[in-house]
Amino acid sequence: MNKMNETLFLEVSPLAKDFIAKHPLSKEEEMLQMALFFYPYMLNGEGDIGVISKLMGISRIELMNLYEKAEVPSYITHEPINMDKVKSLTELVNQGKSSKEAVRESADMEYTLKLLFSQKGKMEKLLQKIESICNENGTVLLKHAENSITFGADSFEAFSPALIDICSDDYIKANLIGAYCTDPFDGTYPCLDDIMKDYS
């Protein structure tokens, strides 16, 4: 912890204090404890995954994986997902529109992930894997070129599970050389290091 951090004191019973002293947590368990401390703020709409990850000083992907391990959803919606927009973008890509047309139509997408792959990777296999992930999670394949694939979603609720699936796929990670997330909070930023971490 840096010097700018302040200590937070919580009242616990003597029995709980004794239990905690006898069972110290690992660093990861401490981070999970902190993530769960903030979870009610996300439930009542006072914070989202971006705000909480910034408060904790970790990336969104790290926080999402902490919640995944605790088996609590990291994508809580307070607004309905616009499935019409998702379906229309899927149709646009399936109709074989050019990449420029797809990108122009995807400008309204709140969340996107662009993945860059090495030449050794079999793009056909990578494309199939990512298409399958998109189909399972309600995200949309927006563009694929020589060595890159971009998908997106209109909401974090759809985007988050797809991103976790990418982080869990060994073949995708073995061939990945670059990754860029775009979201309404931070714009576009590199996220390769977060995806490549071992979250098992």
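This is a predicted model, so every value here is computed, not measured. Throughout, residues of each chain are indexed from 1 in the direction in which the sequence is written. Local features are withheld for residues below a pLDDT of 70 in this predicted model, meaning they are given only at 70 or higher, and side-chain atom pairs are given and counted only at 80 or more; totals for whole chains, interfaces and linings count all residues. Side-chain numbers here rest on the full set of heavy atoms in the structure, without hydrogens or water.

1. Description of the overall build of the protein
- For the purposes of this entry, the term helix denotes a DSSP run of H or I that reaches at least four residues, the term strand denotes a run of E that reaches at least two, and both are numbered from the N terminus. If you tally the helices and strands in the protein, you get ten helices and five strands.
- Only protein chains enter the area calculation, which uses a 1.4 Å probe; residues under 20% of their type maximum are buried, those over 50% are exposed, and those in between are partly exposed. The proportion of buried residues among the 200 residues of the protein is 38%.
- In the protein, 65% of the contacts between residues at least 6 apart in sequence involve partners at least 24 apart.
- Here the accessible surface of atoms and residues is derived via Shrake-Rupley with a 1.4 Å probe, and residues count as covered only by protein chains that are part of the display. Accessible surface, the protein: about 12,400 Å² in total, of which carbon and sulfur atoms supply 53%. Contact definition: two residues touch when any of their heavy atoms are within 4.5 Å.

2. Quick word on the nonpolar core
- Counting 42 residues, the largest nonpolar core has Leu-113, Leu-115, Ile-130 and Ile-195 as its most contacted members.
- Of all the elements in the fold, those that place two or more residues in this core are α2 (27-43), α3 (49-56), α4 (60-69), β1 (111-117), α7 (123-137), β3 (148-153), α8 (156-168) and β4 (176-183).
- Looking at this core element by element, the count peaks at eight residues for α8.
- Apart from residues lying up to four places away in sequence, Leu-115 is in contact with Ile-130, Asn-147, Ser-148, Ile-149, Phe-151, Ile-166, Leu-176, Gly-178, Ala-179 and Ile-195. Only buried residues count toward a nonpolar core, which is a set of Ala, Val, Leu, Ile, Met, Phe, Trp, Tyr and Cys residues joined through side-chain atoms within 4.5 Å.

3. Examining the packing of α2 against α3
- Throughout, an axis means a line fitted to C-alpha atoms (over the contacting stretch in the case of helices), and angles, computed between N-to-C directions, take values from 0 to 180 degrees. Packing of α2 against α3 leaves a shortest axis separation of 10 Å and a crossing angle of 140 degrees. Between α2 and α3, the interaxial angle falls into the category oblique. Our pair here, α2 against α3, has a crossing hand that is right-handed. Each of Met-31, Met-34, Ala-35, Phe-38 and Met-42 in α2 lies in contact with α3, whose residues at this interface are Ile-49, Ile-52, Leu-55 and Met-56.
- Residue classes follow a fixed rule: Ala, Val, Leu, Ile, Met, Phe, Trp, Tyr, Cys and Pro count as nonpolar, while Asp, Glu, Lys and Arg count as charged, and any other residue, Gly among them, counts as polar. Of the residues assigned to the contact of α2 with α3, the class counts are nine nonpolar, no polar and no charged. Any angle between 65 and 115 degrees counts as roughly perpendicular, while under 35 counts as roughly parallel, over 145 as roughly antiparallel, and the rest as oblique. The handedness criterion is simple: a crossing whose near helix is rotated anticlockwise from the far helix by less than a right angle is left-handed, and one whose near helix is rotated clockwise is right-handed.

4. Notes on the confidence of the model for the protein
- What pLDDT reports is the predictor's confidence in each residue, on a scale of 0 through 100. Residue-level pLDDT values for the protein average 78, and 78% of them are 70 or greater.
- Overall, residues 97-107 carries pLDDT values under 50, and its contacts beyond four positions in sequence, including any with other chains, amount to ten contacts.

5. Here we look at α8
- Relative to the 18 Å expected for 13 residues at 1.5 Å per residue, α8 spans 18 Å between its end C-alpha atoms, a close match to the ideal helical length.
- For α8, the buried fraction is high: eleven of the 13 residues fall into the buried class.
- Those residues of α8 not exposed but buried are Phe-156, Glu-157, Ala-158, Phe-159, Ser-160, Pro-161, Ala-162, Leu-163, Ile-164, Ile-166 and Cys-167. By definition here, a helix of n residues has an expected span of 1.5 Å times n minus one.

6. Points about the side chain of Lys-173
- For Lys-173, the location among the structural elements is in helix α9 (residues 170-175).
- For the charge count, each Lys or Arg is scored as positive and each Asp or Glu as negative, with His and the chain ends excluded. Only one rule defines a salt bridge in this text: a Lys or Arg side-chain nitrogen within 4 Å of an Asp or Glu carboxyl oxygen. Despite its burial, Lys-173 pairs with no opposite charge; the closest candidate is Asp-170, at 5.3 Å N-O.
- For this analysis, a polar contact is any N or O atom pair within 3.5 Å, provided that within protein one partner can donate a hydrogen and the other can accept it, and provided that sequence-adjacent residues contribute only side-chain to side-chain pairs. A distance of 3.4 Å separates the side chain of Lys-173 from the backbone oxygen of Ile-195, its partner in a polar contact.
- At 3.1 Å, the side chain of Lys-173 forms a polar contact with the backbone oxygen of Lys-197.
- For Lys-173, the contacting residues outside a window of four places in its chain are Ile-166, Cys-167, Ile-195, Met-196 and Lys-197.

7. Regarding α3
- For α3, the set of buried residues is Ile-49, Gly-50, Ile-52, Ser-53 and Met-56. In a view along the axis of α3, the buried residues occupy a sector of 165 degrees, so they form one face of it. Facing away from the buried side of α3, by more than 90 degrees, are the exposed residues Lys-54 and Leu-55.
- Considering only its buried residues, α3 is in contact with α2, α4 and α8.
- The N-cap of α3, judged by a side-chain oxygen 3.0 Å from the amide nitrogen of Gly-50 a few residues on, is Asp-48.
- In the segment just after α3, Gly-57 is the residue with positive phi, at about 75 degrees. Arc definition: it is the arc formed by the directions from the helix axis to the C-beta atoms.

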